[in-house]
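The residues making up each chain are set out below.
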Amino acid sequence: GQSLEQPSEVTAVEGAIVQINCTYQTSGFYGLSWYQQHDGGAPTFLSYNALDGLEETGRFSSFLSRSDSYGYLLLQELQMKDSASYFCAVRDDLDSSYKLIFGSGTRLLVRP
Amino acid sequence: EAGVAQSPRYKIIEKRQSVAFWCNPISGHATLYWYQQILGQGPKLLIQFQNNGVVDDSQLPKDRFSAERLKGVDSTLKIQPAKLEDSAVYLCASSLSGGQPQHFGDGTRLSIL
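The sections below set out a description of the structure shown in this document.

Definitions and cut-offs
Residues numbered from 1 in each chain as written. Chains lettered and ligands numbered in written order. Predicted model: local features only at pLDDT ≥ 70, side-chain atom pairs only at ≥ 80, totals over all residues. Heavy atoms only, no water. Contact = heavy atoms within 4.5 Å. Buried area = accessible area lost by both parts, 1.4 Å probe. Salt bridge = Lys/Arg side-chain N within 4 Å of Asp/Glu carboxyl O. Polar contact = N/O pair within 3.5 Å; in protein donor to acceptor, adjacent residues only side chain to side chain. Helix = DSSP H or I, 4+ residues; strand = E, 2+ residues; numbered from the N terminus. Nonpolar A, V, L, I, M, F, W, Y, C, P; charged D, E, K, R; others polar. Pairing = 2+ DSSP bridges. Axes fitted to C-alpha atoms, helices over the stretch in contact; angles between N-to-C directions. Core = buried A, V, L, I, M, F, W, Y, C linked by side-chain atoms within 4.5 Å. Buried < 20%, exposed > 50% of the residue type's maximum accessible area, 1.4 Å probe, protein only.

On to the interface of chain B and chain A, then. At the junction of the two partners, chain B supplies 22 residues and chain A supplies 16 residues. Each partner contributes to the roughly 1400 Å² buried at the junction of chain B and chain A, and carbon and sulfur atoms together form 51% of this total. Together, B:P43, B:Q102 and B:F104 form the three largest contributors to the area buried by chain B at its contact with chain A, with a combined 27%. Inspection of the region where chain B meets chain A yields 1 salt bridge. One salt bridge connects B:D56 with A:K99, and the closest N-O pair in it is separated by 3.0 Å. Where chain B packs against chain A, one counts 5 residue pairs in polar contact (both at pLDDT 80 or more). Broken down by secondary-structure element, the contributors of at least two residues to the side of chain B that touches chain A are strand 4 (31-37), strand 5 (44-50) and strand 6 (53-56) of chain B. Class assignment for the residues of the side of chain B that touches chain A results in 7 nonpolar, 11 polar and 4 charged.

Residue and element names in this part refer to chain B. One open sheet accounts for 4 strands, arranged 1-3-8-7; its pairing is antiparallel. With partners counted over all chains shown, the strands left at the sheet margins are strand 1 (5-7) and strand 7 (65-68), one partner each. In this sheet, neighbouring strand axes are inclined to one another by 15° on average, regardless of whether the strands run parallel or antiparallel. Summarising the sheet, strand 7 and strand 8 (residues 75-79) pair through 4 bridges and their orientation is antiparallel.

Further remarks concern the sheet that holds strand 6 (residues 53-57) of chain A. All names here are of chain A. Reading across the sheet, the 5 strands line up as 1-3-8-7-6 and stay open at both edges, with antiparallel pairing between neighbours. The two strands at the open ends of the sheet, each matched to only one other strand, are strand 1 (3-5) and strand 6. Taken over all neighbouring pairs, the strand axes of this sheet differ in orientation by 15° on average, direction set aside. When strand 6 meets strand 7 (residues 60-65), the two strands line up antiparallel, connected through 5 bridges. In the sheet register, L54 faces strand 7, and the bridge partner there is F63.

With that settled, the discussion passes to the nonpolar core. If you look at the biggest cluster of nonpolar residues, it comprises 23 residues, and the most contacted ones within it are A:L32, A:W34, A:L75, A:Y86 and A:L108. Breaking this core down by element, the ones donating at least two residues are strand 2 (9-13), strand 3 (18-25), strand 4 (29-37), strand 7, strand 8 (70-75), strand 9 (84-92) and strand 11 (106-111) of chain A. One finds B:C23, B:I26, B:L46 and B:Y90 within the second-largest nonpolar core, a separate group that totals 21 residues.

Residues and elements named next belong to chain B. The tally for this structure, following the rule as stated, stands at 5 salt bridges over all chains. A salt bridge links D86 to R64, with the nearest nitrogen and oxygen atoms 2.5 Å apart. A residue pair is termed long-range when its members are at least 10 positions apart, and D86 in the loop between strand 8 and strand 9 (88-95) and R64 in the loop between strand 6 and strand 7 qualify at 22 residues. Under the relative-accessibility criterion, R64 is labelled buried at 9%.

As for its placement among the helices and strands, B:Q37 is situated in strand 4. Distance in space between the C-alpha atoms of B:Q37 and B:S7 is 16 Å, their sequence separation being 30 residues. With residues up to four places along the chain from it excluded, the contact list for B:Q37 reads A:Q37, A:F87, B:G42, B:P43, B:A88, B:V89 and B:L91. Side-chain polar atoms of B:Q37 contact the side chain of A:Q37, separated by 2.9 Å.

No statement about biological role is implied by the geometric values presented.
As structure tokens, then:
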């Protein structure tokens, strides 16, 4: 089967750093993606890791360890606008469709 | 570039009625996806098209859901007849190809009474 685990909620203070973890169990793993979704809005792509290590894009970084079936999203210098839901998603290549399997999401609340 | 367009934005119907959603992907994107997102959950893939062919529809409830992508551009998703459990946001996404980042539309919020 396929499953992804991530915390349901995280609260942090403006200007701080927060890490959102994701563990996964899939039949065919190709890579791990992260998406952001504000309430009532569309999911937007943040990052993608196919290889072990850290990928940095501005204030956001994403890490992957394939041997541990684990990844995380790191948000630095938190801003109020970062309050949103964050989804990890595994790219499954078992049938060559490269379809995405999403976790249930982590709701991030940034407080002043 | 223009984003993924979806309509309608909201839809309210009674159970056992029919409903259809429309999606226009980003120009040039070969791969189109339909997702169902129930409140508090992540998007669940219903069907994936590559041009006008179906790549994956393993999670599409085929007894009531159907989708098509004629001419490999626009797509429609239909539910007939609707059940209470179909209340959700239906998201359309597109990508250049199957392995590329997906761009999502704002979705259609469906409420079943």
